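# Summary of the model geometry
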Amino acid sequence: MRHLMNPLDFSVEELDRLFDLANEIEKNPAKYAHVCDGKILATCFYEPSTRTRLSFESAMTRLGGRVIGFADANSSSAAKGESVSDTIRVISCYADICAMRHPKEGAPMVASEKSRIPVINAGDGGHYHPTQTLTDLLTIRSLKGHLDGFTIGLCGDLKFGRTVHSLINALVRYPGTRFIFISPEELKVPDYITEMLREKNVPYEEVIRLENVMPQLDMLYMTRVQKERFFNEEDYVRLKDFYVLDTAKMELAREDMLVLHPLPRVNEISVEVDDDPRAAYFRQAQYGVYVRMALIMTLLGLAS
Amino acid sequence: MLNVGKIEEGFVLDHIKAGKSLSIYEHLGLDKLDCTVAIIKNARSEKMGKKDILKVECDINTLDLDVLAFIDHNITVNVIKAGEIVQKKELVLPQQIKNVIKCHNPRCITSIEQELPHIFVLADSAKEVYRCKYCEEKYRENAIF
Ligand SMILES: [Zn+2]
């Protein structure tokens, strides 16, 4: 039985098959509207994440399956002190597949060890969020046709952003990838990431200002810069506009550049950018559903 | 050197870093075994200045030596049978160690899940890096139980 804990659990070839299926579903949703008839997805969310949970629920519902679950720890047996191991043993009796979100790192892995059904890590603290990474990759592949040979700008909080770290780890597997990290000094990408890139001979650059590198980018992945991450108010005020994407900055970008964002957005992308054809973040949310549909089918053995 | 009689069958663990013998005694579970154990502390050593030695009289199949390699792979393991050294064992880093060291990451599931074993996996054998199986936090020295 297969689980998904880490975005790297699937090989590049397996990911290609998964993304092919997702694109098939996109083209022909009616063909897949009943493949999960009679199947149940359990969404076990020990901390609220409405967007991720709804994306899973939408995916299963669009496949004809049903969804049960809980949306936060207070409304579940976890509040009474039940362990993850016990919970998943019980959920294994109720459902055919489980998506688990938990504030503690490694909780979904503990579940997978005791589970009789496939477990999908739907986010475990600051550790992994593999379906976000699969969403990002599918979006790029669908809109660009491939995943290799891109110069990718990652902008904002690169220190604490797990989606960013995960995406970097996933993209280094594709030849010709080059990274440009755009962040204030305080929020630079961690050393272990740059060490890994040097070891693998993946070129990267670290810059402070977004404008300077806009023309080079095939893709711009935006993340939020939170005020609390700064040491002082002055720095925050001085720097915050560097990391807000607006139409003026978009004018410097190439015509085929894509703007991605894991959402929710706060103010790091001005709403005036939304109508730009290069803004791909809402389409990204749509691909999030397709990739989860393909993933559920694959883990249930319904893909071929 | 202090002489602590010969053993018939068992192990002589030599070149233990001075002061570490008691911790190894515990990790091998010798406190739970009904066998003769001699702990020699601060023996003189040409190579190390001072060293500890453990002599354990027991069936040679009863001890799990994996943990030794994790603690210090420079320890020399002499296997004794019929009063003679029959083998000098090379210690290799174990792929995985269970309940020897504890994950101290407060965000790790091991911090709350009932009776979950603390498992560390060898992530990089060249650099001797172990990581928690669940949260992948690197093991740091001094975290031994
Ligand atoms: Zn841990």
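About the criteria used
- Residues numbered from 1 in each chain as written.
- Chains lettered and ligands numbered in written order.
- Predicted model: local features only at pLDDT ≥ 70, side-chain atom pairs only at ≥ 80, totals over all residues.
- Heavy atoms only, no water.
- Axes fitted to C-alpha atoms, helices over the stretch in contact; angles between N-to-C directions.
- Helix = DSSP H or I, 4+ residues; strand = E, 2+ residues; numbered from the N terminus.
- Left-handed = near helix turned anticlockwise from the far one by under 90°.
- Contact = heavy atoms within 4.5 Å.
- Nonpolar A, V, L, I, M, F, W, Y, C, P; charged D, E, K, R; others polar.
- Donors = N, O, S within 2.8 Å, 3.2 Å for Na, K, Ca; no water.
- Tetrahedral: all angles 85-135°; square planar, octahedral: opposite > 155°, others 65-115°.
- Buried < 20%, exposed > 50% of the residue type's maximum accessible area, 1.4 Å probe, protein only.
- Buried area = accessible area lost by both parts, 1.4 Å probe.
- Salt bridge = Lys/Arg side-chain N within 4 Å of Asp/Glu carboxyl O.
- Polar contact = N/O pair within 3.5 Å; in protein donor to acceptor, adjacent residues only side chain to side chain.
- Pairing = 2+ DSSP bridges.
- Right-handed = clockwise from strand over helix to strand, strands pointing away.

## Concerning the packing of helix α1 (residues 12-27) of chain A against helix α10 (residues 281-299) of chain A
Residues and elements named next belong to chain A. Closest axis-to-axis distance for the α1/α10 pair is 8 Å, and the angle between their directions is 120°. Both α1 and α10 take part in a crossing whose hand is right-handed. Along the contact surface, α1 presents Leu18, Phe19, Leu21, Ala22, Asn23, Ile25 and Glu26, while α10 presents Tyr287, Tyr290, Val291, Met293, Ala294, Leu295, Met297 and Thr298. Broken down by class, the residue content of the contact of α1 with α10 amounts to 12 nonpolar, two polar and one charged.

## Let's talk about the coordination of the zinc ion
Residues and elements named next belong to chain B. Bound to the zinc ion on the protein side are Cys103 (SG), Cys108 (SG), Cys132 (SG) and Cys135 (SG), at distances that span 2.3 to 2.4 Å. Classification of the site at the zinc ion as tetrahedral follows from its four donor atoms and the range of 102 to 114° in their angles at the metal. One chain supplies every donor for the zinc ion, spaced along it as C-x4-C-x23-C-x2-C. Residue Cys103 is located in the loop between β6 (96-98) and β7 (119-124), and its partner Cys132 is located in strand β8 (residues 129-132); the two are separated by 29 residues in the primary sequence. Note on Cys103: relative accessible area 9%, which makes it buried.

## Remarks on the interface of chain B and chain A
Contact with chain B, which involves 14 residues of that partner, is made by 15 residues of chain A. Here chain B packs against chain A, burying approximately 1,200 Å² in sum over the two surfaces, 47% of which is carbon and sulfur. The largest per-residue losses of area from chain B upon contact with chain A belong to Ile109(B), Glu113(B) and Tyr134(B), which jointly make up 43% of the total buried on that side. Counting across the interface, chain B meets chain A through three salt bridges. Between Arg107(B) and Glu105(A) there is a salt bridge, and its shortest N-O distance comes to 3.1 Å. The interface formed by chain B and chain A contains 11 residue pairs in polar contact (both at pLDDT 80 or more). When its residues are assigned to classes, the side of chain B that touches chain A shows seven nonpolar, two polar and five charged.

## A look at the pairing of strand β1 (residues 40-45) of chain A
All names here are of chain A. Counting buried positions along β1 gives five out of six residues, so the element sits mostly inside the fold. Judged from the five bridges that link them, β1 and strand β2 (residues 66-70) form a sheet pairing that is parallel. Each bridged residue has a counterpart across the sheet, and for Thr43 the counterpart in β2 is Gly69. Taken together, β1, helix α2 (residues 50-62) and β2 constitute a β-α-β crossover, and its handedness is right-handed. With five bridges joining them, β1 and strand β3 (residues 97-102) adopt parallel strand pairing. From the neighbouring strand, Thr43 faces β3, where its bridge partner is Ala99.

Read these as spatial facts, not as claims about activity.
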